[in-house]
Amino acid sequence: MTTAHGIQSAAWLLIALPLLSAGVLLVAGRRADKWAHVVGAAVPVVLFGYAVMLFFSVKGEGNREINLHLYSWIPVAGFKVDAGLLIDPLSMVFVLLITGVGSLIHIYAVGYMAHDEGRRRFFGYFNYFIAVMLLLVLANSYLALYVGWEGVGLASYLLISFYYSRNIAATAGNKAFFANRVGDVGLSIAIMIMFAYVGSTSYADVLYGDTQLTKGVATAIGFMLLLGACGKSGQFPLQTWLPDAMEGPTPVSALIHAATMVTAGVYLIARSAPVFDVSQAARTAVVVVGAITLLYGCVCGCGQDDLKRVLAYSTVSQIGYMFLAVGLGPGVYAIGIIHLVGHGFFKAALFLSAGSVMHAMNDRIDMRRFGGLFRVMPITYGVFVCGYLAIIGFPLATGFWTKDKIIEAALDKGGTSGWVLGVVALAGAGLTAFYMTRALVMTFHGERRWEDDVHPHEASRSMTYPMIALGVLSLVGGYLLIFGGGLQHWLTPSVGPSVEEGVHTVSTLVLTAITLVVVALGVLGGWVAFGRKPVPISQPVGVSPVTTAARRNIYADAFNEMVLQRPGQWLSRALVYFDNRGVDGAVTGLAAGFGGGSARLKRTQTGFVRSYALSMLGGTIAVVAVLLAVRFQ
Amino acid sequence: MSAVGFAAGELTNGQVPLGEAVAFWILGPISLAGAIGMVLLRNAVHCALSLVATMMSLGMFYLIEQGPFLGLVQIIVYTGAIMILFLFVLMLIGRDASDSIIETLRGQRWAAALFGVGFALLVALSVGRAFKGSKPADLNTTETNAGGQNVNSIAALLFTKYLFAFELTSALLIIAAVGAMVLAHVERDGPKPTQKSIARERIRSGRPQPLPGPGVLSSGNSIGTPALLPDGSISHESVMASTPGLRELPAANHSANADDIR
Amino acid sequence: MTPTYYLVLSAALFTIGAVGVLVRRNAIVVFMCVELMLNAVNLSLVTFARVNGSLDGQIMAFFVMVVAAAEVVIGLAIIMSIFRTRRSASVDDANLLKY
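### Let's talk about the packing of aromatic side chains
Tallied over the full model, the rule gives 29 aromatic pairs over all chains. Geometrically, the ring pair formed by A:Tyr157 and A:Phe177 is tilted, given 5.0 Å between the ring centres and 55 degrees between the ring planes. Taken together, the residues A:Tyr157 in helix α5 (residues 142-160) and A:Phe177 in helix α6 (residues 167-198) connect sequence positions 20 residues apart. Judged by relative accessible area, A:Phe177 falls into the partly exposed class, the value being 29%. Between B:Phe61 and C:Tyr6, the ring centres sit 5.4 Å apart and the planes meet at 85 degrees, which makes this aromatic pair edge-to-face. Of the two residues, B:Phe61 sits in helix α3 (residues 44-64) while C:Tyr6 sits in helix α1 (residues 4-23), which places them in two different chains.

Set out below in C-alpha cells:
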C-alpha cells in the first residue's frame, strides 16, 4: 500500500467533477437545455482520459494499491472514519469500465435523447450516477462504499422512473427501490457487524487488519454482504426488479442495468474476498445463488417477447456467471471480473443496438412486431451480431474467453458440486445461445411484421459510432483482456493470484469442444424453432407449462405477491383497523369523555356573581366545618 | 375615661356589668333588625338607612366595650362619611332601581338561607364553645392600655408596633383615591366643543331659543306644572321628560287637554 | 352575660350580610351587605380585645376600617363605571364572563 502522489492525488476529481456537472445541469434549469448534453457527455470522456493517465501512472507490482486520504469524515471518540479513496487494480478496472463504456453510452444518449424534453434532466442524473458509481468502486471503506451504494440506488430509481408520468415506469422504479432496500439493509447490517467486531470499516482494517475475523462473524458478514449484492445485482431471490427496470431509457438499461451498477454486487464480493476466504458457508451461498440465478435468467429469457427484457434476463444470468466465478474462491475472482468487463462491453453493445431498433420502430419493443430489420439497419444489425457472438461464446469473441473460463473453473472445483456447477454453467451457455438466437432471428430476420406506421432507418452518427466501438470491443475485448493472462496478473494484488494452470477435471481442449457443441445446439434449436417458420404476431396460447413459466418469470413475481405483498397488505389493513378503532378509539374516546365532561362542567360558569358567591360560601362552610371537626373532635 | 366609665360599671364575677348587659339587650335587637331590614327592604335607600341603624348600634357597642376611639370613628367616619358616599352613588345611579321580587337564579334564595343558617349555627356554636367561661378584662386597668387613655394607647401602638402596617394603609388609601379617579374618569371622544360649534349646532337643531319654562299659574308653580300655550293647550316641552307625572294640574278649564296628558 | 354574646351577635350579623350578598341584585345593596360583614368582624375583634385585655384587637378593627374605606371608594367607582356603560346596577346583568 503506497500513498498517492502526482496525478493520483487528484483522483477525487473523478467523483467531484461529475457531481458538479450533475448539480449544474439539475439546478441550472431550462436555460441549460441547449448545452446540457454537451457538458453531460463531455464529463465522462474527460474522466476516461484522466482514468487512463491514472492507469499508466501506477507502476511496479508492489505499488498498485494506492491509498488517497481525503479528510477525516466521522471523528468521534474511539471511532474514526476517514474519507479516502483506494486506487488498486480492482477499482482501476471498474473506473476504466465505468468511464469508458460510460463515455460511449453518454455520446450515444446525446442522439438517443435528442427529441426528449427531459434530456437535460437525463444527463444530470446520468452524471450523478457516474459520480456515485465511481465513489462506490473507489471508496476505501465500507461506509464510504455504502454512500455510493445508496447513491447508485437513487440514480437507478430516478432513471428507471425517468418517464415518471407513465404509471408502469413509476411502478418499476418503486419496485427496484424496494428490492434494493432489502439488499441495502443486508449491507448496512454487515457494516454494523464490522463496527462491532473490528471497530472500523476500512478495507485495510476489516480485510487485512490485525483483527482476525472468526468463522462465525465472517459467515454473518458474508451472508449480509451477499444479501446486499443480491439486491443490487438482481440475483436470486431479489432478481425481479431488474427486468422491470427496462422501463427506463435504453442508455440507462445499457449503462446502469447491464454494464456497471448491477455488477456492483460482484465487485462487493470480490472486494470482500478475505471474508469469504474465512467462511466456507458464505462462499457456498454465493455459488448457489449464482448457479440458480444463472439458470433462472436463461429460462426466463427464452419466454420473453420484449427485446429489452430478454437482454435484462440475459444480464441476470450473466451476473449469475460472475457470482458463480467469484464464489468459486481464490484464483477465480479474476475470471469473474474479466467476465464482468467483457459483459460490460457486449451487453452494452446489445442494449445500444436494441435501443437503436426501438428508436427506429417508434419506441416499440415487441419482437413479434419486428423482423427483417437487417436490410434497413445494417449497422445496428452488425453491432447486435457482434454482441450476439460475444455472449454465446463464439470462438475468439469475448464470451469464448471469459465464460468458458468460468465453466472450466466450475468443473475444476471437483467433486459432485463441481460437476453440478459445471453442468449448470454449460446448460446456461446452451440456453443463452438459444434465447439469443431467438432474439436475433425474431428481430432482424424473417418476414417484416412491422406495424403500418413505422419506417425504420439507421440512427444518427452520434448513436452508431459508440455502437460500432462497443461492437468491436465485444469481438476483440475478451482476447485483449485475457491475452497472456494480462488482466489476471494485473488484478493479483486485489484478489489474489489466479488459478495455476494445473490439472483440469476435463482438459481445456475437450471442454471447449463440448461447450461449442452445446452452444451450437442452442443456436440450432433457436434457428429451428423461430427462423424456419413465420413468427406469430401475438403470443401463441396453449403452450407448454415450461414456456408459460418462462413467460411469467418462473412465477417469481407471483410468489412475491402471494408471500410478501398480500400478507403485508393484510397486516397493514389490520394495523390500520387497529389504529383507527383501537388507538384512535382510545384517544378520541378519552378526548370525547373529557370534552363532554367539561362541556357539562362549564355550565356551572354562569357568569352570575351571586352563584359564585354562593359556592364560595358553601366552600367556606365546608372548610370551617372540617377545621372545627379537627379542633373539637 | 368618662365614656368608658359610663358604660362599663364594675365587672362582677366574670360577668359584664349590668349596665352593659342592659345596653346589649337594647342595641343588639336594633342592630339585628337593621341588618335584616337591609336584606329584606326593596328600596335601596331604605336599605342604606337600616344599615346606618346597625352601624350606629355597633358604634355604641365599641364605646361600651372600652373602645371609645373606634366607637367614635365608627359613628363619624363610617356611618357619617362612608354611608353618605353610598347614598351619593345611590342617588347618582338612580334611587328607583329597586330589585324585582322575582329571583332569577333558581334555588338561590333557598340555598342562601340554608347556607346562612348553617354558617351561623356553625360559627356561633364554635365561638360559644371556644370562649366558654371567658371573662372580660377591664382594659382601663391593664398595663397594655397605658392607664386607660384609649386614644393615647392606640396612637402609641400604631406608631410603634404597627407603624409599618400603618404606613402601608396610607399608601393603600392614596392608591385607592387615584384608582377611583382613574375608574371614574371619562375620555372625551371628539374635540372639545367650542362656542362656535355649540351655536351652529343649536341653529341646526331647529330650535335656537331655549325650552319654555314650567307653568307659573295660580294653582301651582312646581316644576311639574306644565306651561300653557297661547291656545290653552299644554306645552309638553315645559316639563322634564323624567317627571313622574303632572302632580299639579292647573285648575283651569281645558280639562280635555289635561286628560290627554294624564 | 359574657362577652360571648357579642361574638354570637357578630356571627349573626355576618351571616345576614352574607345572605344579603347572595340574594340581593342591586350592586350597591350587595356592597352594603359586604360592609355589614366587615362591621360584624370588627365587632368580634373589639370583643376579642376586651377578652384578652389588650388593645391589639382594636388596632385590627381600625385597620379593617381603613381597608374598608379604600375598598368602598374603589368599589363604588367600579359600580359607577359599570352603570355608565350598561345603564344598570344589577350584578346579574354583568354576566358576560361565562362559558
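### Side note on the nonpolar core
Residues and elements named next belong to chain A. Leu-134 and Val-137 are the most contacted members of the largest nonpolar core, which totals 196 residues. A total of 18 residues in this core trace back to one element, the largest contributor, which is helix α15 (residues 333-360). Leave out the neighbours within four places in its chain, and Val-137 touches Ser-91, Phe-94, Val-95, Ile-98, Tyr-267 and Arg-271.

### Considerations on helix α2 (residues 18-40) of chain B
With 23 residues, α2(B) extends 33 Å between its outermost C-alpha atoms, agreeing within 8% with the 33 Å of an ideal straight helix rising 1.5 Å per residue. Restricting attention to buried positions, one finds in α2(B) the residues B:Glu20, B:Ala21, B:Ala23, B:Phe24, B:Leu27, B:Gly28, B:Ser31, B:Gly34, B:Ala35, B:Gly37, B:Met38 and B:Val39.

### A short note on the confidence of the model for chain C
Mean pLDDT over chain C works out to 89, with 100% of the residues at or above the 70 mark. The complex prediction reports pTM at 0.64, with the ipTM value standing at 0.93.

### Details of the state of the cysteines
All names here are of chain A. In this structure the tally under the stated criterion is 0 disulfides over all chains. Here Cys-302 is not cross-linked by a disulfide; its sulfur's nearest cysteine counterpart is in Cys-298, at 7.0 Å. By relative accessible area, which is 17% here, Cys-302 ends up buried.

### A look at the pairing of strand β2 (residues 66-76) of chain A
The side chains of a regular strand alternate between both faces of the sheet. Residue and element names in this part refer to chain A. Alignment of strand β1 (residues 2-3) against β2, held across 2 bridges, turns out to be parallel. For Thr-3, the partnering residue across the bridge sits in β2 and is Asn-67. As judged from the 9 bridges shared by β2 and strand β3 (residues 79-87), these two strands associate in the antiparallel manner. Within β3, the position partnered with Pro-75 by the bridge is Lys-80. Connecting β2 to the next strand, β3, in antiparallel fashion are 2 residues, including Gly-78 with a positive phi near 75 degrees.

### Description of the interface of chain A and chain B
Contact residues are listed per partner, giving 12 residues for chain A and 12 residues for chain B. Regarding the contact of chain A and chain B, the summed buried area is about 1,100 Å², with carbon and sulfur atoms giving 77% of it. The largest share of the area that chain A buries against chain B comes from A:Arg610, A:Leu614 and A:Phe632, three residues that together contribute 47% of it. There are 0 salt bridges connecting chain A and chain B. At the junction of chain A with chain B, the criterion picks out 1 residue pair in polar contact (both at pLDDT 80 or more). Looking at side-chain class alone, the side of chain A that touches chain B contains 8 nonpolar, 3 polar and 1 charged residues.

### Looking at the side chain of B:Glu20
Tracing the backbone through its elements, the reader meets B:Glu20 in helix α2. Residue classification places B:Glu20 among the buried residues on the basis of a relative accessible area of 0%. Of the polar contacts made by the side chain of B:Glu20, one reaches the side chain of C:Tyr6; its length is 2.5 Å.

### Here we look at the packing of helix α3 (residues 89-112) of chain A against α15(A)
Residue and element names in this part refer to chain A. Where α3 contacts α15, the axes come no closer than 11 Å and their chain directions differ by 5 degrees. Considering the angle they form, α3 stands roughly parallel to α15. Every residue of α15 that contacts α3 at Leu-90, Val-93, Phe-94, Leu-97, Val-101, Ile-105, Tyr-108, Gly-111 and Tyr-112 is listed here: Ile-337, Leu-340, Val-341, Gly-344, Phe-345, Ala-348, Leu-352, Gly-355, Ser-356, Met-358 and His-359.

### Points about the environment of A:Leu521
With respect to the element layout, A:Leu521 can be found in helix α21 (residues 508-531). Put simply, A:Leu521 and A:Gly430 are 91 residues apart on the chain and 6.9 Å apart in space, counted from C-alpha to C-alpha.

### Some remarks on the interface of chain C and chain B
Contacts between the two partners involve 68 residues from chain C and, on the opposite side, 92 residues from chain B. Between chain C and chain B, the buried area comes to about 7,000 Å², and carbon and sulfur atoms account for 74% of it. Note that C:Asp56 and B:Lys161 form a salt bridge whose closest N and O atoms lie 3.2 Å from each other. Run the count over chain C and chain B and you get 16 residue pairs in polar contact (both at pLDDT 80 or more). Of all elements in the fold, only α1, α2 (27-52) and α3 (56-86) of chain C reach the threshold of two or more residues within the side of chain C that touches chain B. Counting residues per element, the side of chain C that touches chain B draws most heavily on α3(C), at 24 residues. Taken together, the residues of the side of chain C that touches chain B sort by class into 49 nonpolar, 12 polar and 7 charged.

Rules behind the numbers
- Residues numbered from 1 in each chain as written.
- Chains lettered and ligands numbered in written order.
- Predicted model: local features only at pLDDT ≥ 70, side-chain atom pairs only at ≥ 80, totals over all residues.
- Heavy atoms only, no water.
- Phe/Tyr/Trp six-rings, centres within 6.5 Å; stacked < 30°, edge-to-face > 60°.
- Helix = DSSP H or I, 4+ residues; strand = E, 2+ residues; numbered from the N terminus.
- Buried < 20%, exposed > 50% of the residue type's maximum accessible area, 1.4 Å probe, protein only.
- Core = buried A, V, L, I, M, F, W, Y, C linked by side-chain atoms within 4.5 Å.
- Contact = heavy atoms within 4.5 Å.
- Expected span 1.5 Å × (residues − 1).
- pLDDT = per-residue confidence, 0-100.
- Disulfide = S-S within 2.5 Å.
- Pairing = 2+ DSSP bridges.
- Buried area = accessible area lost by both parts, 1.4 Å probe.
- Salt bridge = Lys/Arg side-chain N within 4 Å of Asp/Glu carboxyl O.
- Polar contact = N/O pair within 3.5 Å; in protein donor to acceptor, adjacent residues only side chain to side chain.
- Nonpolar A, V, L, I, M, F, W, Y, C, P; charged D, E, K, R; others polar.
- Axes fitted to C-alpha atoms, helices over the stretch in contact; angles between N-to-C directions.
- Parallel < 35°, antiparallel > 145°, perpendicular 65-115°, else oblique.

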